Amino acid sequence: MIASLAAKSLWARKVTVGLTIASITISIFVLLAIQHIRVEAKTNFTNTVSGVDLIVGARTGQINLLLYSVFRIGNATNNIRWDSYQALASSKAVAWTIPISLGDSHRGFRVLGTTGSYFEHFQYANKRGLTFAQGRPFTGTFEAVLGHEVAARLGYKIGDNITLTHGISANSFSEHKHNPFTIVGILDATGTPVDQTVHVRLDGIEAIHKGWQSGVDLSKYTHISKDQNLTPSSITAFMVGLNSKLSTFTYQRKVNEFEKEALLAILPGIALSDLWRMMGTVENILTFISWLVLGAALIGLTTMMLAAMRERRHEFLVLRAVGSSPLFIFTLIQIESLIVVSMSICLAGLLLSSGLWLAQSFLVSQFGLTISPGVLTGDALVPMLLILGVTVVVSFLPAISAYGESRR
């Protein structure tokens, strides 16, 4: 009976109550969106590289190795000799490897030298493989495959020729202009650093540096013959897939204790989690702001109900006349507040879920983000219960005011 009475009372003030519900819905929408997208973004972030058991590079910090090998940020402290790479890659525990060579760029985008195994084994976002929007993987020495954003921002298409630049500066004058590359493939968007990368073959990287001495281009005097040895002398890092997960730590120890040179093997999942924790301050600030917005909306709810107390004095007198106790009226105000906030939670959840469902294909194609439209998860349950608890607290003031009015 009391719930029915509360609903009818709210309906009688539908315009004011509707505006309050709209205000609280927006606030809860912001809170749930930040909470849900934060969890989903963390999952996507930790899946920037997926299915890779170890990343091996010159001995340095774990985060530094992750940054330059996966995110193309910064530079390696040293390279890995090719013979060291071959010795480690030929281990019986290794199923496949992806060698990586960095150091060049194209109009501000990093160039990654690798082999065909990159397109076969590199995965992201819960083991999603790389796919081509246009073209195919490279097969020739001077062929290139562009990430989605590189092609989109620079307006390239299949068959265009590009030249690489020595170093990573966007304004470098050390250009490998005598050895252009032909674009043969453009990758689909992944939402990872792959989108901002130009991919070429390792022998292509080696070829364009033939004739370079101390950063000076002498390549125009150097002829690249078909039978010339273009095996690299070193690489920047390599990714490893093992035959068995059980051998992960054994192989990691083998790399870390490698006698020929100082190397480091890291588990990408652990390194990505550490990096995410370093960025936790921004995440906490966004959550704090969303709670402030919700707090302001709940204060608005309290203000609305307080303003209605004197107008509803006659209503309270009628209730008292038919035998309702002051506690009944106190409870009535609390239930009205909970109905308003519960409706706001349902509306916010429905709007957010519908919006994410409609935007799913756009988020995947443009940002590579796979965000589930199911927002009413265990992670959302705690803030929802907390919102209802805070509602009970902030409703005490109008409820006590109604209690006082009913006793007069």
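Residues numbered from 1 in each chain as written. Predicted model: local features only at pLDDT ≥ 70, side-chain atom pairs only at ≥ 80, totals over all residues. Heavy atoms only, no water.

**Q** How should I be thinking about the overall build of the chain in this particular structure?
**A** The number of helices and strands found in the chain is 14 helices and 17 strands. The 408 residues of the chain split such that 46% are buried. Look at the contacts in the chain between residues 6 or more apart in sequence, and 77% of them connect residues 24 or more apart. By element, 61% of the accessible surface of the chain is carried by carbon and sulfur atoms, the whole surface being about 19,800 Å². (Helix = DSSP H or I, 4+ residues; strand = E, 2+ residues; numbered from the N terminus. Buried < 20%, exposed > 50% of the residue type's maximum accessible area, 1.4 Å probe, protein only. Contact = heavy atoms within 4.5 Å. Areas by Shrake-Rupley, 256 points an atom, 1.4 Å probe, with all protein chains shown as cover.)

**Q** Explanation requested: the nonpolar core in the structure shown.
**A** A general trend in soluble globular proteins is that nonpolar side chains are found buried together. Counting 34 residues, the largest nonpolar core has Leu66, Tyr118, Phe122, Leu130 and Met239 as its most contacted members. Among the elements of the structure, helix H3 (62-70), strand S3 (94-106), helix H5 (117-121), strand S11 (181-187), strand S16 (237-242), strand S17 (263-266) and helix H9 (268-278) are those that each provide at least two residues to this core. The biggest single contributor to this core is H3, with five residues. Ignoring anything within four residues of it in the chain, the contact list for Met239 reads Val49, Val52, Leu54, Ile55, Ser69, Val70, Trp96, Thr97, Ile98, Ile100 and Phe122. Counting 26 residues, the second-largest nonpolar core is a separate cluster that includes Leu32, Leu294, Ala297 and Leu356. (Core = buried A, V, L, I, M, F, W, Y, C linked by side-chain atoms within 4.5 Å.)

**Q** How do you make sense of the pattern of salt bridges when you look at a structure like this?
**A** Any two side chains of opposite charge can pair, on the condition that their charged atoms come close. This structure, assessed with the given rule, holds six salt bridges. Note that Glu143 and Arg136 form a salt bridge whose closest N and O atoms lie 3.0 Å from each other. Note on Glu143: relative accessible area 15%, which makes it buried. In this structure, the salt-bridge partner of Arg201 is Asp203, at a minimum N-O distance of 2.6 Å. With a relative accessible area of 24%, Arg201 lands in the partly exposed category. (Salt bridge = Lys/Arg side-chain N within 4 Å of Asp/Glu carboxyl O.)

**Q** Got a minute to help me understand the pairing of S3 in this structure?
**A** Along any regular strand, the residues point their side chains to alternate faces of the sheet. The element S3 is largely enclosed, with a buried count of 11 among its 13 residues. Hairpin connection from S3 to strand S4 (residues 109-114): two residues lie between these consecutive antiparallel strands, with Arg107 at a positive phi of about 50°. Examined bridge by bridge, S3 and strand S10 (residues 165-166) share two bridges and lie antiparallel to one another. In the sheet register, Ser105 faces S10, and the bridge partner there is Thr165. (Pairing = 2+ DSSP bridges.)

**Q** When you look at empty space enclosed by the protein in this model, what are you seeing that I'm missing?
**A** Over the atoms a probe the size of a water molecule is rolled, and this reveals where empty space is left. Tallied over the full model, the rule gives one cavity of 30 Å³ or more. The space that makes up the largest cavity amounts to roughly 40 Å³. Lining the largest cavity, in full, are Thr48, Ser69, Val70, Arg72, Phe122, Thr192, Pro193, Val194 and Met239. The residue inventory of the lining of the largest cavity, partitioned by class, reads five nonpolar, three polar and one charged. (1 Å grid on protein atoms, 1.4 Å probe; cavity = no way out; pocket = protein on both sides within 12 Å on 5 of 7 lines; lining within 4 Å. Points joined across faces, edges and corners; volume = space filled by probe spheres on them. Nonpolar A, V, L, I, M, F, W, Y, C, P; charged D, E, K, R; others polar.)

**Q** Any chance you could explain the side chain of Thr48 here in plain terms?
**A** Position of Thr48 among the secondary structure elements: in the loop between helix H2 (14-46) and strand S1 (54-58). Since its relative accessible area comes to 6%, Thr48 is described here as buried. Among all residues touching Thr48, those that are not within four sequence positions of it are Val70, Phe71, Phe122, Gln123, Tyr124, Thr192 and Pro193.

**Q** Is there a simple way to think about the packing of aromatic side chains in this case?
**A** Two measures describe an aromatic ring pair: the distance that separates the ring centres and the angle between the ring planes. Enumeration over the complete set of coordinates arrives at seven aromatic pairs. An angle of 90° between the planes, with centres 5.4 Å apart, marks the rings of Tyr118 and Phe119 as edge-to-face. You'll find Tyr118 and Phe119 in the same group, each marked buried. With 5.3 Å between their ring centres and 65° between their planes, Phe142 and Phe181 make a pair best called edge-to-face. In this pair, Phe142 is assigned in the loop between strand S7 (132-135) and strand S8 (143-146) and Phe181 in strand S11, connecting sequence segments 39 residues apart. Pairwise contacts between aromatic rings join Tyr118, Phe119, Phe122, Phe132 and Phe138 into one cluster. Above the ring of Trp11, the side-chain terminus of Lys14 is found at 5.2 Å from the ring centroid. (Phe/Tyr/Trp six-rings, centres within 6.5 Å; stacked < 30°, edge-to-face > 60°. Lys NZ or Arg CZ within 6 Å of the ring centre and 35° of its normal.)

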